[in-house]
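Chain residues, written in single-letter form:
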Amino acid sequence: MNYSTKTAFAIGTGRCGTLFLYQLMNMESRVASSHERNPDNEAFHRYCKWNSLPVDDEGFLSTKEQEIQNDLVHLDFSFEASPYLSLSIHELYERFGSKFILLVRRPDRVVSSFVHKGFYRTPYNVKNPALATGYQQQGRNPVHTFFARIAPGGDEFRVWNDMTPVGKVAWFWNAYNQRTLELLKDLPKNCYRLVYIEDVDYRKYVELANFLGISSTLTQTDFDSLRSTRPHAFWNKRNIDQWSSQEVDEFEAQVGGLAANLGYEYKVTNLLDEIRAEREEAER
């Protein structure tokens, strides 16, 4: 089967809009849309790719191919939004000829959200940082959450492991986006798009659907309705207006270069008025 006109993936760090895009595609009449549908398979492959482990890819790819085939039995297009797949794009492109949408989001939003979820809450136990990080206890979370929470290696690990969760997640936002952007450069330019989730309005969504080869049937009313019902949990998160000076310093040091290249404001003092206004509105 020729999958190149029938498959696409949305990727990113997570907490960057992949769920929203999945929900939009799920409203299309001829699209089979999924979100992180096989986290064990996908997160393990991500862990292997991050750590350059010599693991055979066929198990990952054959599982993905069966999922896509199941999608296409009754519908015309298979779409998956999954941040776990960002480091697997070479393998996915070679197998399926797919198109990709890399979603990015302002770093302080991503970092606050991941820290709220408990990312990197406990320092890792590592004896030899030159090796791939061994399993770390995840509490009640499933095992795939460990594979998803990558860490640096070598001398950088010791510095990273002493950071606050804010600093560690800020490192993740930078490192994971950087690696994904590097991988995308090796693919034909007509098979991927870099998309700022803040820019995705109805018109932008229709453009993205057309880029993927989907004739959108979603109406502006349906788009606006979904966007208005997206969850707003701002009030119960620690946001940048509540960070310590150490957290602020770590955040700015880790995200600064890439954030500036992407055109995102990352200096916390320049974002405080906006965040405080949002907090007041959320509390009201």
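I will try to describe carefully the structure that is included in this document. Since the model is a prediction, treat every value here as computed from it, not as a measurement.

About the thresholds
Residues numbered from 1 in each chain as written. Predicted model: local features only at pLDDT ≥ 70, side-chain atom pairs only at ≥ 80, totals over all residues. Heavy atoms only, no water. Axes fitted to C-alpha atoms, helices over the stretch in contact; angles between N-to-C directions. Helix = DSSP H or I, 4+ residues; strand = E, 2+ residues; numbered from the N terminus. Parallel < 35°, antiparallel > 145°, perpendicular 65-115°, else oblique. Contact = heavy atoms within 4.5 Å. Nonpolar A, V, L, I, M, F, W, Y, C, P; charged D, E, K, R; others polar. Buried < 20%, exposed > 50% of the residue type's maximum accessible area, 1.4 Å probe, protein only. Pairing = 2+ DSSP bridges. Phe/Tyr/Trp six-rings, centres within 6.5 Å; stacked < 30°, edge-to-face > 60°. 1 Å grid on protein atoms, 1.4 Å probe; cavity = no way out; pocket = protein on both sides within 12 Å on 5 of 7 lines; lining within 4 Å. Points joined across faces, edges and corners; volume = space filled by probe spheres on them.

## Examining the packing of helix α1 (residues 18-26) against helix α9 (residues 202-212)
Closest axis-to-axis distance for the α1/α9 pair is 12 Å, and the angle between their directions is 75°. One element, α1, and the other, α9, form an angle in the roughly perpendicular class. Packed against α1, whose contacting residues are L21, L24 and M25, the element α9 presents Y205, A209 and L212 at the interface. When grouped by side-chain class, the residues that make up the contact of α1 with α9 number 6 nonpolar, no polar and no charged.

## A look at unusual backbone geometry
Positive phi, normally seen in glycine, also occurs at S52, with a value near 55°. With respect to the helices, strands and loops of the structure, S52 is situated in the loop between α2 (39-50) and α3 (58-72). Judged by relative accessible area, S52 falls into the exposed class, the value being 63%. Look at Y120: it is not a glycine, yet its phi comes out positive at around 55°. Along the polypeptide, Y120 turns up in the loop between α5 (107-117) and α6 (144-148).

## A word on the sheet that holds strand β5 (residues 192-196)
The parallel open sheet is built from 5 strands, whose spatial order is β2-β3-β1-β4-β5. Looking at the sheet topology across the chains shown, the edges are occupied by β2 (31-35) and β5. With strand direction ignored, the average angle separating the axes of adjacent strands in the sheet is 15°. Examined bridge by bridge, strand β1 (residues 7-11) and strand β3 (residues 77-81) share 4 bridges and lie parallel to one another. Looking across to β3, one finds that F9 is bridged to E80.

## A word on the packing of aromatic side chains
A complete count under the given rule lists 23 aromatic pairs for this structure. Judged by centre distance (5.7 Å) and plane angle (65°), the ring pair of W160 and W171 falls under edge-to-face. Placement of the pair is W160 in helix α7 (residues 155-161) and W171 in helix α8 (residues 165-184), with a sequence separation of 11 residues. Judged on exposure class, the residue W160 and its partner W171 are both buried.

## Considerations on the environment of V111
Along the chain, V111 turns up in helix α5. With 170 residues separating them in the primary sequence, V111 and E281 have C-alpha atoms 21 Å apart. Ignoring any residue separated from it by four or fewer positions in sequence, one finds V111 in contact with V166, V169, A170, W243 and F251.

## Quick look at empty space enclosed by the protein
Empty pockets left among the atoms are what a rolling probe the size of a water molecule brings to light. In the structure shown here, the tally under the stated rule is 1 cavity of 30 Å³ or more. The volume enclosed by the largest cavity comes to roughly 40 Å³. As for the largest cavity, its lining consists of Y47, W50, N51, Y124, T133, F146, R149, I150 and A151. Within the lining of the largest cavity, the residues separate by chemical class into 6 nonpolar, 2 polar and 1 charged.

In short, geometric facts, not functional conclusions.
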